[in-house]
Structures are given as structure tokens and as C-alpha cells.
Amino acid sequence: MMLNEDEDLDGFADPEAALSLAIRKGLTLTERTIRTGIQHSQLRARDLTTSLELSPNIISSRIQEIRSLTFGSGTDRADHYSTTSSSANIPLFVLPTREHYLSSFSPQGRKRLLMKDFGAINPALYQSVDGDDSLMFPEDHTGRLWFQLAYERESEKLLVTLVKAKNLPSRADKSPCDPFARICLLPDERRTLQTKVKRKTGNPRFDECFVFSVSSKCIMERVLKFSVFDIDRRKKHNLIGQAAYPLVDFDVNSDKHPTVFLDLDKEISEIPSSAGRGELLISMCYNMDLQRLTINVVEGKNFRTGEKSAPIDSFVQISLKHQSRLVKRKKTQTVRANCNPQFNESFQFKLPPKLCDAVSVLFVAEVKDAPKSHRSLGRILLGGFMFARGKELEHWQAMMQTEKEHVQQWHTLSQI
């Protein structure tokens with residue numbers, strides 16, 4: 001089929017669309033038609049690629065042939081307008097369809113060309129960026145987490161991207177788990193962030209980003225804690241494993257964000273202390289009949305103001321708060337020149353039972369620099385679920401469950 005001079009592109013409102021239509025249908029075109037179409041518009045390589053499904057280098061070569069085309073005055077045009085399907089008889093100024101072009105190749109050549117020019121899959125693009133495709137895990141392995149870290153100095157934000165987990169154990173009945181992960185920035189366990197639940201998989205892909213506000217001065221003192229849980233059929237959260245990552249190992253000045261992995265443990269035996277600020281031994285008891293809360297500040301350990309272990313003068317302030325309002329504040333005596341101060345002081349606060357879930361107790365360790373000057377070393381916040389998390393919450397709950405008995409526990413001082 002041929003587009004003759006009476007049907008040339010001058011009669012169409014959109015010469016570019018008409019030329020594209022003729023090319024797609026595999027029509028042979030007259031000299032005037034071709035030249036008029038090219039003068040009206042230069043077909044873009046993207047349009048030609050879509051229309052002809054040819055690679056850009058093929059289209060470019062054909063367009064160059066069209067541009068350089070000339071006819072002799074005595075040439076019989078009918079010789080040039082052959083409609084045969086053989087690619088050898090197609091004039092140079094006709095852009096071939098895919099079938100015309102491929103017909104000149106052997107079956108093997110057509111296959112190679114299709115794989116090269118028509119959307120072949122490049123296996124290199126689908127390789128694992130984590131490089132873990134061939135990892136082997138031991139039989140008693142609890143699982144492994146992959147994550148990325150980035151720090152924005154201007155906004156003082158730590159970005160934690162939890163990428164995935166692998167080799168999480170199955171349930172007792174051999175069915176796959178429904179895992180999710182929780183992330184917190186120790187020593188503050190009050191703000192815990194959580195991923196979405198992934199159903200029936202031991203190799204979940206999370207790809208979720210979490211943001212923590214932390215200043216550049218104390219970021220090296222913090223520790224990231226990851227906990228992976230399984231939700232069973234009764235909606236109970238069963239701990240699979242935990243992992244901790246001290247941010248002292250993280251380069252906050254680096255522009256690169258490599259993927260880091262950690263192996264999960266059933267239980268973290270020891271979490272690095274927050275820059276060695278120290279610990280405080282506290283004992284608490286609640287008497288519901290007397291509506292009285294008794295707090296004993298027993299002793300401190302490793303009270304330090306820096307890398308040097310010079311003895312310091314320290315005391316502890318205890319503040320009882322109802323929600324955010326201060327109810328009562330008391331303090332211990334100052335223990336001088338000692339990094340492991342022995343306080344052994346007891347304090348009592350009146351506390352009605354109906355307010356037990358709405359109060360908190362704040363302990364602040366203070367260091368005396370001068371007779372009338374002191375600064376904070378760290379703090380501990382004990383209370384119900386509204387105020388505390390982790391060991392602090394567990395200590396408060398244990399006190400409420402064992403009425404009239406003292407519950408004693410060590411707590412790590414955290415950043416103010």
C-alpha cells in the first residue's frame with residue numbers, strides 16, 4: 001500500500017501524526033510525502049522508538065539516510081515504490097517497520113537483537129545491594145537485621161531506615177511468623193517507634209524510616225535498640241530477638257550511608273552505658289492503707305563529669321509530679337569527693353491510690369562545682385505507663401504489685 005502525492009501530508013492538519021501513522025502501518029512513502037513530513041516536524045527519538053519499537057541507533061541511521069536522499073530526473077518513480085515485504089527491495093527513504101527490519105536477520109540474530117533492543121532484562125540491575133544472597137546461617141540463628149543511618153546536623157535529627165530482616169525462626173508449629181520491629185534510642189525507652197506487621201514471613205522487608213531528635217553533643221552517648229516481635233493468633237506479642245548498636249560507632253560527618261547488619265539475640269546481656277554518666281540504686285515501697293510512698297536513695301556508682309575519674313561532690317534531687325505539675329521536691333545530703341557516693345537516705349510522700357497512675361518520680365543527680373553552683377549529671381524517671389518505659393516502668397509496676405515491700409533496683413542516669 002502506498003501514500004501517493006494526492007494524499008501527501010499537506011492535506012493533513014497534523015503532518016507529524018500522519019507521518020507517524022503511515023510509518024506504523026508500514027506504508028511506502030513518496031519523495032514529496034517524506035520531505036514534507038520532515039520539513040513540518042522533526043520526529044523525536046522517543047516517538048519513533050514507541051512507534052517502531054526500534055533502538056535509537058537504528059532510528060538515527062535511518063533518519064540520516066532520509067536526509068541524504070536525492071532522485072535523478074530520469075528515474076522512474078514506480079521502481080522506487082515497490083510494496084514487496086522483502087527488506088532488500090524497500091527504498092532507503094522508507095522507515096521500515098519492526099517486521100521488515102527483523103526479516104533480514106537469521107533466527108538467532110533476531111533473537112539476539114530482540115534481547116538487546118526490546119526491553120531485555122539486565123540481571124545486574126536486580127542483584128541484591130546488600131550482598132547477602134549467598135549468606136548461610138547457623139541452625140540456632142535467631143535472625144539478622146539490616147538498617148541504615150543518617151544524621152542531619154542542621155535539624156539535629158537521626159534518621160534510622162530499617163531495611164529488612166532475614167532468617168527469623170518459625171513458630172513451634174512450624175508456621176511462619178508475623179514479625180514487626182520496635183526501635184528506641186537508649187537510655188530513653190519512653191519513645192519507642194514501631195514498623196508495620198509483615199504477615200507469614202521469616203524474611204520481612206520493612207523499608208521504613210524513623211526519626212529521632214538528638215543533639216550532636218550527646219549522639220555518641222546514645223544506643224539504638226532493636227526488638228523484633230511475632231504476633232500470634234491470640235494477638236500476643238512474643239519477643240523473637242533484640243540487638244543494640246552504640247552510636248559511638250557511627251560517623252555522623254560521613255555523607256555515605258552504608259547498610260549495617262546486626263544479629264539478633266534472645267536477650268541483650270549488656271547494653272553499653274550512656275557515656276558512663278553513672279548509676280543510682282533506688283528502693284521504693286507503697287503502702288495503700290497509709291497512702292504513703294517511701295523512696296530510699298541508697299548509693300551511686302561511677303558518677304563522672306568527663307573522661308577523667310576525679311572525685312566529685314554530688315547529691316540527688318527527688319521530685320514527685322502529678323502529670324506535669326510539681327507536687328513536692330526533696331534532696332539528699334551532699335557526698336563530697338566520691339565517685340561512688342553512699343547516700344542511704346529515705347523520703348516519704350503522701351500519695352492517694354487513685355493518683356498512682358497519674359504521678360511520676362524524677363531523680364536528678366547534681367554535681368557541686370562551687371558552694372552556690374551546681375549542674376546536672378543525669379536523670380532517672382520512674383512512673384506508670386504514661387511516663388516511663390523499660391526498667392523504670394518495670395520497677396514502678398513491681399512496687400505496685402508487691403504492696404508494703406521494698407523493691408530495689410539499679411538505674412542508669414540518662415541525659416537531661
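Residues numbered from 1 in each chain as written. Predicted model: local features only at pLDDT ≥ 70, side-chain atom pairs only at ≥ 80, totals over all residues. Heavy atoms only, no water.

(A) Region of interest: the overall build of the protein. Looking only at helices and strands, one finds eight helices and 18 strands in the protein. Within the protein, the fraction of its 416 residues that count as buried is 43%. Summarising the internal contacts of the protein: among those between residues at least 6 apart in sequence, 63% fall at separations of at least 24. Only carbon and sulfur atoms are counted for the fraction: they give 48% of the accessible area of the protein, which is about 23,900 Å². (Helix = DSSP H or I, 4+ residues; strand = E, 2+ residues; numbered from the N terminus. Buried < 20%, exposed > 50% of the residue type's maximum accessible area, 1.4 Å probe, protein only. Contact = heavy atoms within 4.5 Å. Areas by Shrake-Rupley, 256 points an atom, 1.4 Å probe, with all protein chains shown as cover.)

(B) Local environment of the nonpolar core. Among the nonpolar cores identified, the biggest contains 31 residues, and Leu158, Leu162, Phe212, Leu224, Phe226 and Leu247 are the most heavily contacted of them. Going through the elements one at a time, β3 (144-152), β4 (157-166), β5 (179-186), β7 (205-213), β8 (223-231) and β9 (237-246) are the ones with two or more residues in this core. In this structure, Leu247 is in contact with Leu149, Leu158, Leu185, Ile219, Met220, Arg222, Val223 and Leu224, ignoring residues within four places of it in sequence. Among the nonpolar cores identified, the runner-up in size contains 29 residues, and Val335, Phe343, Ala365 and Leu377 belong to it. (Core = buried A, V, L, I, M, F, W, Y, C linked by side-chain atoms within 4.5 Å.)

(C) Examining the sheet that holds strand β18 (residues 407-412) more closely. Read across the open sheet, the four strands follow the order β15-β12-β11-β18; overall the sheet is antiparallel. Strands with a single pairing partner mark the edges of an open sheet, and in this sheet they are β15 (342-350) and β18. If you compare each strand with its neighbour and ignore which way they point, the axes differ by 20 degrees on average. Relative to β18, strand β11 (residues 279-287) runs antiparallel, the two sharing six bridges. Bridge assignment links Ser283 to a residue of β18, and that residue is Gln408. Relative to the sheet, helix α8 (residues 390-401) contacts β11, β12 (292-301) and β18, its axis offset from that of β18 by approximately 170 degrees. (Pairing = 2+ DSSP bridges. Axes fitted to C-alpha atoms, helices over the stretch in contact; angles between N-to-C directions.)

(D) Looking closely at the confidence of the model for the protein. Mean pLDDT for the protein: 75, with 64% of residues reaching 70 or above. Segment residues 1-10 is flagged for pLDDT under 50; beyond a separation of four residues in sequence, or across chains, it makes 29 contacts in the model. Segment residues 69-95 is flagged for pLDDT under 50; beyond a separation of four residues in sequence, or across chains, it makes 42 contacts in the model. (pLDDT = per-residue confidence, 0-100.)

(E) Focus on the packing of aromatic side chains. As enumerated under the stated definition, the model contains four aromatic pairs in all. Note on Phe147 and Tyr245: the rings are 5.4 Å apart at their centroids and 75 degrees apart in plane angle, and the pair reads as edge-to-face. With Phe147 in strand β3 and Tyr245 in strand β9, this pair connects stretches of sequence that are 98 residues apart. The exposure class assigned to Phe147 is buried, which follows from its relative accessible area of 0%. (Phe/Tyr/Trp six-rings, centres within 6.5 Å; stacked < 30°, edge-to-face > 60°.)

(F) Quick look at the pattern of salt bridges. A complete count under the given rule lists 10 salt bridges for this structure. Residues Asp263 and Arg144 are paired through a salt bridge, measuring 2.6 Å at the closest nitrogen-oxygen approach. In this pair, Asp263 sits in strand β10 (residues 259-263) while Arg144 sits in strand β3, placing the two residues 119 residues apart along the sequence. For Asp263, a relative accessible area of 35% corresponds to the partly exposed category. A residue is classified by how much of its surface remains accessible, and Arg144, at 12% relative accessible area, is buried. One salt bridge in this structure joins Asp178 and Arg171, with 3.4 Å as the shortest N-O distance. Like Asp178, the residue Arg171 is buried in the burial classification. (Salt bridge = Lys/Arg side-chain N within 4 Å of Asp/Glu carboxyl O.)

(G) Spotlight on the side chain of His395. By secondary structure assignment, the location of His395 is in helix α8. When neighbours within four sequence positions are excluded, His395 is seen to be in contact with Ile282, Met284, Leu382, Val407, Gln408, Gln409 and His411.

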